[in-house]
Structure formats: structure tokens, C-alpha cells
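# Inside the fold
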Amino acid sequence: MVLFAPMSFSFLSSANARPVALLTGAAGGIGTCLTSRLVAAGYHVLALSRKGDTPAQAHVSALACDLTHPAQSEAIFTALKADGVSIRVLVHCAGVITPQRMGACDTAYVSTQLAVNLEAPIFLTMQALALMPRGGRIVFVNSMAALVPLEGSSIYTASKFGLRGFALSLAQDVRSRGISVSSVFPGAVDTPMLHREMENGGSVLNFVTPPATADDIAQIVEKLIKRPRLEVFCPSADGVLAQFMLMMPRVWRLILPILLKKGLKGKKKYLDKKSKCGF
Ligand SMILES: NC(=O)c1ccc[n+]([C@@H]2O[C@H](COP(=O)([O-])OP(=O)(O)OC[C@H]3O[C@@H](n4cnc5c(N)ncnc54)[C@H](OP(=O)(O)O)[C@@H]3O)[C@@H](O)[C@H]2O)c1
């Protein structure tokens, strides 16, 4: 069921209603897997996507919300507040990457990436906090690009670096309210985003290790909701290496050619495997 304003969420505030999880990017690769996992874990999912086209299933309200238009999310939060709904879990999963080298960059893509990847998670968090009780959980689906600067995707990199900083500060702000903040940092994930990125000249660093599946990441998010941790990297070894290199960008420049070579090989392997499956 796709809901447009005016929206009624009164069925979510009754005593026997399921706890509510609000998820952005719900119709995407990771978001679709996560929606199923949240429903199975006993939540009612408010599934946000641009068209509100999350596959129909019980305990899911598909909501149309373009995150580049803050008025649309504001309307949803106003309706939730009016109906006395509490948000137990907030997962920021929407994201967009448009590889473009600086110097040949379209300003419209700059603002879209910053709006979806950074500004919207900030605005939505601010609005959700007003409806979040003690024990609430906030999870950010970030990216290894928050630690590894991606050549040709500087705006995406900037947005994800910013998102990491926001999440770390937020965790301190809301600790006394008993609300946890977690971030997961995937390397490449085999979803429509990765396919679009590679068609448009994305970095071969995506293939230094084989891409994870969307459900691998959804499973990590589900675990973070059950048992919060501040940051989780996937694969964890890449996270350790990336954190180390971020401390010493000069060393990063020395190691980069080796990683690019490994990434090129990994990309070829990935494409060979995909073409055998008719991709
Ligand atoms: N795939 C990877 O390799 C990878 C790696 C690291 C991190 N991540 C992160 O993982 C998250 C999920 O990505 P994914 O791999 O599942 O990609 P995906 O399949 O492309 O899903 C991205 C989602 O973001 C939503 N979105 C994009 N622009 C939007 C807008 N203006 N308003 C509202 N929603 C918008 C899309 O909504 P629509 O359904 O309306 O298009 C889609 O549901 C992102 O934050 C991404 O940065 C992905």
C-alpha cells in the first residue's frame, strides 16, 4: 500500500501494535533485504523510497518520499507525531553515487549526492529524535568511501566522510537518552548501485575484495539493532587497513598502485562471473 499525504498512522500507536522501524532506501538492494529481516524480527516497517514502490507485504507501509525534497519527509513526521507514533529504529540506507571527475562535474549531481547521502540523514535524525523513546536505535549504512578517498567520486566520498563525523558526534549527543548510534561501512555490495557505478566509471578499488551480498549487509544492520556497536566494517580486514591508511595519507599514496592492480583483477573476475550468469 502506497501512502500519500494526508497519512494516517493511528494503527501504529495502539497498545498491541508492533514497534516501528523507519527505513530509507527501502526499495534498493540492501533496503529490500533489510525490510524482510525487520518484519521477521517483529517490526512494522515504514519503508521510504522515491516512488513508494517497496514490494507489498504484511507489516510494511510503503511511503513515497524523495529525500532531495525535505518537505516530503517533514509531512511524514508531522503525521506520525499527530498519531502519537514512536519510532524505535531508524535506518538510513538511501544513497546515491554519480562518478564524475572534479573539473567535469555537473553541479546538479553535487547537490543531489550531498542531499541524499548527508543532509537527509541529518534532517531525518533530527525529526525522528522527537519521536524516539529510550532504547531507540539509529543505524547509518555508510561506505568504505568514508575512509578510502575514491578517485572520480569525490562528492560521494565527501558525503560519506561527513556522515561518519555526524554519526560519531550524534552518538555522544544521545547517549544520555539511552539511544544508540551505529554505522556499517561496506566495501562493494552487489546491488543496482554497484552496477550503475561501474557503468559510469566507478573506482576499481570496489573489487580489491569480492563484493558482499545485499543480505550480508542487511544481516549486519539487524545485528546492530539487536546489539549496538559504534562502527562495523565489512570486510573487517579492509576496515582495519583503511583506518590505518587514513591516518597516513602519504602511505596511502604508496600503497594505492598495488590496490588498484588488485582491484582491476578483482573487477575482471567479477565481470567474468556475472557474464556466466547472463548479467
Ligand atoms: N552497493 C554498494 O556497492 C555500496 C557500497 C557501500 C555502501 N553502500 C551504501 O548502501 C546504501 C544502500 O545502497 P544499495 O547498494 O542498496 O543501492 P541501491 O540498490 O541503488 O539503493 C539505493 C536506495 O537509495 C534510494 N534513493 C536514491 N536517491 C533517493 C532520493 N532522492 N530520495 C529517496 N531515496 C533515494 C533509492 O530509492 P529509489 O528506490 O527510489 O530509487 C534506493 O532505494 C547506500 O547508502 C550506499 O551508499 C552501497
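Our subject is the structure that appears above.
Treat the numbers as computed from the prediction; the structure is a model and nothing was measured.

## Describing the overall build of the protein chain
Scanning the protein chain for helices and strands turns up eight helices and eight strands. Taken over the C-alpha trace, the protein chain has a radius of gyration of 19 Å; the compact-globule value for 279 residues is 19 Å, and the two agree within 12%. Dimensions of the protein chain, computed from C-alpha atoms along their principal axes, come out at roughly 60 × 45 × 35 Å. Looking at the protein chain as a whole, 49% of its 279 residues qualify as buried.

## What to know about the state of the cysteines
Under the definition given, this model contains zero disulfides. Between Cys 65, a cysteine without a disulfide, and Cys 93, which holds the nearest cysteine sulfur, the sulfur-to-sulfur distance is 14 Å. Using a relative accessible area of 3% as the deciding quantity, one classes Cys 65 as buried. Considering cysteine sulfurs only, Cys 33 is the nearest to Cys 234, which forms no disulfide, with 13 Å between them.

## Topic: the environment of Arg 50
Inspection of the secondary structure puts Arg 50 in the loop between strand E3 (44-49) and strand E4 (60-64). For the pair Arg 50 and Thr 125, spaced 75 residues apart in the sequence, the C-alpha separation amounts to 18 Å. Those residues in contact with Arg 50 that lie beyond four places of it in its chain are Ala 64, Cys 65 and Asp 66.

## Describing the nonpolar core
In terms of nonpolar packing, the biggest core is built from 36 residues, with Phe 9, Leu 22, Leu 80 and Ile 138 touching the most fellow members. One finds Val 39, Ile 220, Leu 224 and Val 232 within the second-largest nonpolar core, a separate group that totals 28 residues.

## Points about unusual backbone geometry
Cis geometry marks the peptide bond from Cys 234 to Pro 235; its omega dihedral reads 0°. Relative to the helices and strands, Pro 235 is located in the loop between strand E8 (231-234) and helix H7 (236-247). One non-glycine residue, His 59, lies in the positive phi region at around 65°. Of note, His 59 is situated in the loop between E3 and E4.

## Some points on the site of the ligand
Around the ligand sit 29 residues in total, of which Gly 29, Arg 50, Tyr 156, Thr 191 and Arg 196 are the nearest. Take Ile 30: an N or O atom from its main chain is 2.9 Å from an oxygen atom of the ligand. The separation between an oxygen atom of the ligand and a polar main-chain atom of Val 189 is 2.8 Å. Relative to its unbound accessible area of 880 Å², the ligand is 93% covered by the protein chains. No other element matches helix H5 (residues 192-199), which puts four residues into the shell around the ligand. When the residues that make up the shell around the ligand are grouped by side-chain class, the tally is 15 nonpolar, 10 polar and four charged.

## What to know about the packing of aromatic side chains
In this description, a pair of aromatic rings is defined by centroid distance and the angle of the planes. Taken as a whole, this structure holds three aromatic pairs when the rule is applied. Measuring from ring centre to ring centre gives 4.7 Å for Phe 185 and Phe 233, while their planes differ by 20°; the resulting arrangement is stacked. Of this pair, Phe 185 sits in strand E7 (residues 180-186) while Phe 233 sits in strand E8, placing them 48 residues apart in sequence. Phe 185 sits in the buried class, given a relative accessible area of 0%. Residue Phe 233 is classed as buried on the basis of its relative accessible area of 13%. Judged by centre distance (4.9 Å) and plane angle (40°), the rings of Phe 207 and Tyr 270 are tilted. Taken as a pair, Phe 207 in the loop between H5 and helix H6 (214-226) and Tyr 270 in helix H8 (residues 249-276) lie far apart in primary sequence, 63 residues in all. You can call Phe 207 buried: its relative accessible area is 3%.

## As for the environment of Pro 211
Residue position: Pro 211 is located in the loop between H5 and H6. Of the residues examined, Pro 211 reaches a relative accessible area of 21% and is grouped as partly exposed. Among all residues touching Pro 211, those that are not within four sequence positions of it are Ala 188, Val 189, Asp 190, Leu 194 and Tyr 270.

## Some details on the environment of Gln 113
With respect to the element layout, Gln 113 can be found in helix H3 (residues 107-129). Distance from Gln 113 to Lys 261, taken between C-alpha atoms, is 28 Å for residues 148 residues apart in sequence. Gln 113 has contacts with Val 96, Ile 97, Thr 98, Leu 118, Ile 155, Tyr 156 and Ser 159, leaving out every residue within four places of it along the chain.

## Thoughts on H3
Taking 1.5 Å of rise per residue, the 23 residues of H3 would be expected to cover 33 Å, and the 32 Å separating its terminal C-alpha atoms lies within 8% of that figure. The sharpest bend along H3 reaches about 45° and sits at Ala 115. Tucked into the core, H3 has its buried residues touching strand E2 (20-23), E3, helix H2 (70-82), strand E5 (89-92), strand E6 (137-141) and helix H4 (154-174). One side-chain oxygen of the residue at the start of H3 lies 3.0 Å from the amide nitrogen of Ala 108, identifying that residue as Asp 106.

What counts as what
Residues numbered from 1 in each chain as written. Predicted model: local features only at pLDDT ≥ 70, side-chain atom pairs only at ≥ 80, totals over all residues. Heavy atoms only, no water. Helix = DSSP H or I, 4+ residues; strand = E, 2+ residues; numbered from the N terminus. Rg over C-alpha atoms; globule rule 2.2 N^0.38 Å. Buried < 20%, exposed > 50% of the residue type's maximum accessible area, 1.4 Å probe, protein only. Disulfide = S-S within 2.5 Å. Contact = heavy atoms within 4.5 Å. Core = buried A, V, L, I, M, F, W, Y, C linked by side-chain atoms within 4.5 Å. Near = heavy atom within 4 Å. Polar contact = N/O pair within 3.5 Å; in protein donor to acceptor, adjacent residues only side chain to side chain. Areas by Shrake-Rupley, 256 points an atom, 1.4 Å probe, with all protein chains shown as cover. Nonpolar A, V, L, I, M, F, W, Y, C, P; charged D, E, K, R; others polar. Phe/Tyr/Trp six-rings, centres within 6.5 Å; stacked < 30°, edge-to-face > 60°. Expected span 1.5 Å × (residues − 1). Bend = angle between axes of the 7 residues up to and from the residue.

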